[in-house]
Amino acid sequence: MNLKNLKIAHRGIFNNKYIPENSLPAFQKAMDLNIPIELDIQLTKDQELVIFHDINLKRMCGVDKYIEDTTYQELKKFPLLSTNEKIPTLKEVLDLIQGKVLLDIEIKKTNQIKLICSKLNKELKNYSGEVILKSFHPNIVHYLKKNSTCPVGLLITYLPSSKIYSYFMSSFIPIKYCNPDFLAINKEIIKNKRIQNYRKKLPIFVWTITNKEELKRFSKYADSFLCNNLPYYE
């Protein structure tokens, strides 16, 4: 699978007005334009894989509940923002996309690594499209590298509140432990010399690009791009 020269729609193509992020219409719009899709998965209380970014429903649904403490049937009661759209399941998304565009799936933080990864692999077993997987969490990447046939990437960011964490995550230790197929790097640290050295061996994704000028600016530092506002600066 070619992991270079990709422009991927971060959480689909959305405006968070009439098309919410990580919703079926956001994915449909990207698919209609033949643009690869990035999305986030989490486990509900009753172990359903759903597509949602935040650990809490407050920002997108106006309800102060955590995904992991809520059943899927309860989630179905809460619309995304002021629309009629609901939080989709991974199965619904796979049924919609049907292999027509590449899917970039981020596995969010969880204490149930084996469970979420096993359920994800089961869902993808009979899926015929191109899929790449990634996570911020080295243990998830490590597990998937051993138990998935998809390319697996490690997400790396910079936390101003924890310089030790930031230094460690960009060091060779998690890279060696995870043995990722690619790295996905926060644009704030993409120019870091250590990061650019990794690029000699691994494709580097950068996130999150928001306009044409940023795309041009970061093209010299990355191989593929996670983008908001596509296709409006194509």
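A brief report on the enclosed structure follows. (Residues numbered from 1 in each chain as written. Predicted model: local features only at pLDDT ≥ 70, side-chain atom pairs only at ≥ 80, totals over all residues. Heavy atoms only, no water.)

1. Structural notes on the nonpolar core
Counting residues in each nonpolar core, the largest one holds 55 residues, and the members touching the most others are Ile41 and Ile105. In this view, Ile105 contacts Leu39, Ile41, Leu90, Leu120, Leu124, Val131, Ile132, Leu133 and Lys134; residues no more than four positions away in its chain are not counted. (Core = buried A, V, L, I, M, F, W, Y, C linked by side-chain atoms within 4.5 Å. Buried < 20%, exposed > 50% of the residue type's maximum accessible area, 1.4 Å probe, protein only. Contact = heavy atoms within 4.5 Å.)

2. Considerations on helix H6 (residues 138-147)
For H6, the set of buried residues is Pro138, Ile140, Val141, Tyr143 and Leu144. Summarising the contacts, the buried residues of H6 are in contact with strand S4 (103-107), helix H5 (113-124), strand S5 (131-135), strand S6 (152-156), helix H7 (163-169) and helix H8 (172-178). (Helix = DSSP H or I, 4+ residues; strand = E, 2+ residues; numbered from the N terminus.)

3. Quick notes on the pairing of S5
Among the 5 residues in S5, 5 count as buried, and that is most of the element. Taken together, S4, H5 and S5 form a β-α-β motif whose crossover is right-handed. Bridging between S5 and S6 involves 3 bridges; their strand directions are parallel. Bridging from a neighbouring strand, Lys134 pairs with Gly153 of S6. You can see the chain leave S5, run along H6 and come back into S6, and the turn it takes is right-handed. (Right-handed = clockwise from strand over helix to strand, strands pointing away. Pairing = 2+ DSSP bridges.)

4. Re H5
Given a rise of 1.5 Å per residue, 12 residues ought to cover 16 Å, and the 16 Å separating the end C-alpha atoms of H5 matches this to within 8%. Among the residues of H5, Ile116, Cys117, Leu120, Asn121 and Leu124 are the ones counted as buried. Seen from one end, H5 has its buried residues packed into an arc of 130°, which puts them on one side. Exposed and oriented more than 90 degrees from the buried face of H5 are Lys114 and Lys122. (Expected span 1.5 Å × (residues − 1). Arc of directions from axis to C-beta.)

5. Considerations on the pairing of strand S8 (residues 204-209)
A large share of S8 lies buried, amounting to 6 of its 6 residues. One ladder, built from 4 bridges, connects strand S7 (residues 182-186) with S8; its direction is parallel. Looking across to S8, one finds that Ile185 is bridged to Val206. In this fold, the crossover linking S7 to S8 by way of helix H9 (residues 193-198) has right-handed handedness. The sheet contact formed by S8 and strand S9 (residues 224-227) spans 3 bridges and is parallel. Looking at S9, one finds that Ile209 is bridged to Cys227. With respect to chirality, the unit in which S8 leads through helix H10 (residues 212-218) into the neighbouring parallel S9 is right-handed.

6. Examining a nonpolar patch on the surface
Taken together, the side chains of Phe168, Phe172 and Ile173 make up a nonpolar region of the molecular surface, amounting to roughly 310 Å² of accessible area. Structurally, Phe168 is set in helix H7. (Patch = residues over 30% accessible without salt bridge, like charges linked within 9 Å, V, L, I, M, F, W, Y side chains within 5 Å. Areas by Shrake-Rupley, 256 points an atom, 1.4 Å probe, with all protein chains shown as cover. Salt bridge = Lys/Arg side-chain N within 4 Å of Asp/Glu carboxyl O.)

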